[in-house]
Amino acid sequence: MQKTAVQEKAAITLTINGERKELRASSPRALLAELEFEGEFFAIAINRRVVPKARWNEDVLRDGDHVEIVTSRQGG
Amino acid sequence: MLELYGQKFSSRLLIGTARYPSLNVMQEAVKNSGAEIVTVSVRRENAGGKDGDTFWNIIRELNVKVLPNTAGCYSVEDAVSTAQLARELFNTQWIKLEVIGDKASLQPDVIGTLEATKILLAEGFEVFPYCTEDLTVAKRLVDAGCKVVMPWGSQIGSGKGIVHEDALKRMRAELPGISLIIDAGLGAPSHAAKALEMGYDAVLLNTAVAGSGNPVKMAKAFAQALEAGRAAFEAGMMKPREIAQASTPVAGTPFANAARSS
């Protein structure tokens, strides 16, 4: 059902984790689907502003946005 | 008991999760260390979620408290943003704050650290700032509201132990109500014992265990050293003397003042 919405939208340029990409997703959740990310254990920031998981369906991605998608890794 | 922002722990070891030969060894080492707190990092997910889940599932199985770090941040802005992502990801107010000032020594930028600390405390974070042995900086961090301060023993990953012993002893004496953790630079269990003998509340280490010949065994060695160091601190150590003092009583020594046979 996200897919349909995604296909109707024109492509926008997003910088995902430092890499520019042409995408159609309009929300963080749609973005994860379009990037074929599995699971839920991510944190997402749009232009450095953290998007709480509860708002992944609602927040809107705009052309030129910088998105960080992070997860847990080994650390000291 | 170790107390960190109102939470109590029986282990005085905070252990890192990086640089182990395998995730399995990491898991076994953490278990064997008895640590109740592990440090983790926040990193970009580019593999579509497959790699991160494996690591995170192991951490969850360990049933430990997670202390996320801002490792690799060289600016206040990056450290604050990373902390905000960590809070969302791990659902914790805790953050090990690292604002690095020098790439070679990984010495903290203490001015940036203080600045980021103030921002994060105002946002409700419970900050564990990584700093140097500088007492003024430590006091400023405490004045800002930190209940925990984490001075380095020596450079991250160096294994040299406690290099600035006098300054760190002074810090302990000057900040009696604050939980002080030696973070970074420890190499041998004796270094960890020393930190606790000095009255430090805990140590945070990673490479000393992960980079040892047998991380699972070394984890236990650190746990034992910490137990010994803390017990010694609580018992109160003897004052060193400049000259010898016989431990065996002198009175009644056989042949004292007796004539020699030849």
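These lines cover the structure that appears in this document, whether it is placed above or below. Bear in mind the structure is a predicted one, so any value in this text is a computation, not a measurement.

**Describing the overall build of chain B**
- The secondary structure content of chain B amounts to nine helices and 10 strands.
- On the principal axes, the C-alpha backbone points of chain B span a range of 90 × 40 × 35 Å.
- Looking at chain B alone, contacts between residues at least 24 apart form 64% of all its contacts between residues at least 6 apart.

**Notes on the overall build of chain A**
- Looking only at helices and strands, chain A features two helices and five strands.
- Sequence-ordered secondary structure for chain A, helices as α and strands as β, is α-β-β-α-β-β-β.
- Here the analysis covers contacts within chain A between residues at least 6 apart in sequence; of these, 57% occur between residues at least 24 apart.

**Brief notes about the interface of chain A and chain B**
- Across the boundary between the two partners, chain A contributes 22 residues, which contact 28 residues of chain B.
- Only β3 (43-46) and β5 (66-74) of chain A provide two or more residues apiece to the side of chain A that touches chain B.
- Here the side of chain A that touches chain B takes seven residues from β5 of chain A, the largest share from any one element.
- Partitioning the side of chain A that touches chain B into residue classes produces 10 nonpolar, seven polar and five charged.
- In terms of strand pairing, β5 of chain A meets strand β4 (residues 37-44) of chain B through five bridges, oriented antiparallel.

**Some thoughts on the nonpolar core**
Residues and elements named next belong to chain B.
- In this structure, Leu-97, Ile-181 and Val-203 are the most contacted members of the largest nonpolar core, which totals 89 residues.
- Sort the elements by how many residues they give to this core and helix α3 (residues 76-90) lands first, with eight residues.
- Setting aside residues no more than four positions away along its own chain, Val-203 makes contact with Arg-12, Leu-13, Ile-181, Ile-182, Leu-186, Ala-192, Ala-195 and Leu-226.

**Here we look at helix α4 (residues 110-122) of chain B**
Residues and elements named next belong to chain B.
- Under the 1.5 Å per step criterion, the end-to-end length of α4 is 18 Å for 13 residues, consistent within 8% with the ideal 18 Å.
- Inspection of α4 places Val-110, Gly-112, Thr-113, Leu-114, Ala-116, Thr-117 and Leu-120 among the buried residues, and these make up the whole buried set.
- Close packing links the buried residues of α4 with α3, β6 (94-97), β7 (126-131) and α5 (135-144).
- At the exit of α4 stands Gly-124, carrying a positive phi of roughly 95°.

**Considerations on the pairing of strand β9 (residues 179-183) of chain B**
Residue and element names in this part refer to chain B.
- Where burial is concerned, most of β9 is hidden: four out of the five residues are buried.
- Where the polypeptide runs from strand β8 (residues 148-151) across helix α6 (residues 165-174) and back to β9, its parallel neighbour, the crossover connection is right-handed.
- Sheet analysis places β9 next to strand β10 (residues 202-205), joined by three bridges and oriented parallel. Paired with Ile-181 across the two strands is Ala-202, which belongs to β10.
- Crossover connection from β9 via helix α7 (residues 189-197) to parallel β10: handedness right-handed.

**Structural notes on the environment of Thr-71 of chain A**
All names here are of chain A.
- With respect to the helices and strands, the residue Thr-71 is situated in strand β5.
- A tally of 24 C-beta atoms within 10 Å means that Thr-71 is categorised as buried.
- Residues Thr-71 and Phe-42, 29 residues apart in the sequence, show an inter-C-alpha distance of 4.8 Å.

**Focus: the packing of α4 of chain B against α5 of chain B**
All names here are of chain B.
- At their nearest, the axes of α4 and α5 sit 10 Å apart, and the two run at 10° to each other. When the axis of α4 is compared with that of α5, the two are roughly parallel. Packed against α4, whose contacting residues are Val-110, Leu-114, Thr-117, Lys-118 and Leu-121, the element α5 presents Val-137, Arg-140, Leu-141 and Ala-144 at the interface.
- Residues of the contact of α4 with α5, tallied by class, amount to six nonpolar, one polar and two charged.

**Side note on the packing of α3 of chain B against α4 of chain B**
Residues and elements named next belong to chain B.
- Running from N to C, α3 and α4 cross one another at 35°; their axes reach a closest spacing of 9 Å. Two packed elements cross with a definite hand, and for α3 against α4 that hand is right-handed. Of α4, the residues touching α3 (which contributes Val-76, Ala-79, Val-80 and Ala-83) are Gly-112, Glu-115, Ala-116, Ile-119 and Leu-120.
- Along the lines of polarity and charge, the residues of the contact of α3 with α4 split into seven nonpolar, one polar and one charged.

**Description of unusual backbone geometry**
Residue and element names in this part refer to chain B.
- Residue Asn-63 is not a glycine yet carries a positive backbone phi of 55°.
- You can see Asn-63 is positioned in the loop between α2 (50-62) and β5 (65-68).
- Positive phi outside glycine occurs at Asn-257, with the angle close to 60°.
- Looking at the secondary structure, you find Asn-257 in the segment after α9 (215-235).
- We classify Asn-257 as exposed; it has 5 C-beta atoms within 10 Å.

**Structural notes on the environment of Ser-154 of chain B**
All names here are of chain B.
- Mapping Ser-154 onto the fold places it in the loop between β8 and α6.
- Sequence separation between Ser-154 and Leu-23 is 131 residues; the distance between their C-alpha atoms is 27 Å.
- In this structure, Ser-154 is in contact with Lys-160, Gly-161, Val-163 and Gly-185, ignoring residues within four places of it in sequence.

Reading the values: the criteria
The residue count restarts for each chain, going from 1 along the sequence in the order it is written. Each chain is given a letter, starting from A, and each ligand a number, starting from 1, according to the order in which they appear as written. Local features in this predicted model are restricted to residues whose pLDDT is 70 or higher, and side-chain atom pairs enter the listing and the counts only when it is 80 or higher, whereas totals over whole chains, interfaces and linings include all residues. Here a helix means four or more residues in a row that DSSP labels H or I, a strand means two or more in a row labelled E, and each is numbered from the N terminus. The contact rule is simple: place each C-beta atom from the backbone, and if two of them lie within 7 Å, those residues are in contact. Any residue that is not Ala, Val, Leu, Ile, Met, Phe, Trp, Tyr, Cys, Pro, Asp, Glu, Lys or Arg is counted as polar, Gly included; the first ten are nonpolar and the last four charged. Here the rule is simple: two strands pair whenever DSSP picks up at least two bridges between them. We call a set of buried Ala, Val, Leu, Ile, Met, Phe, Trp, Tyr and Cys residues a nonpolar core when their C-beta atoms link them within 7 Å. Here exposure depends only on C-beta density: within 10 Å of a residue's C-beta, 20 or more other C-beta atoms make it buried, 12 or fewer make it exposed, and intermediate numbers make it partly exposed, the C-beta atoms being placed from the backbone. Here the expected length of a helix is defined as 1.5 Å per residue gap, with one fewer gap than residues. Handedness of a crossover is defined as follows: orient the strands so they point away from the viewer, and if the path from the first strand over the helix to the second runs clockwise, the crossover is right-handed. Only the stretch in contact is used when a helix axis is fitted, and all axes are lines through C-alpha atoms; the angle between N-to-C directions ranges over 0 to 180 degrees. Throughout, the term roughly parallel applies to angles under 35 degrees, roughly antiparallel to angles over 145, roughly perpendicular to angles from 65 to 115, and oblique to all others. Working rule for handedness: look at the near helix, and if it is turned counterclockwise from the far one by less than a right angle, call the crossing left-handed; if clockwise, right-handed.

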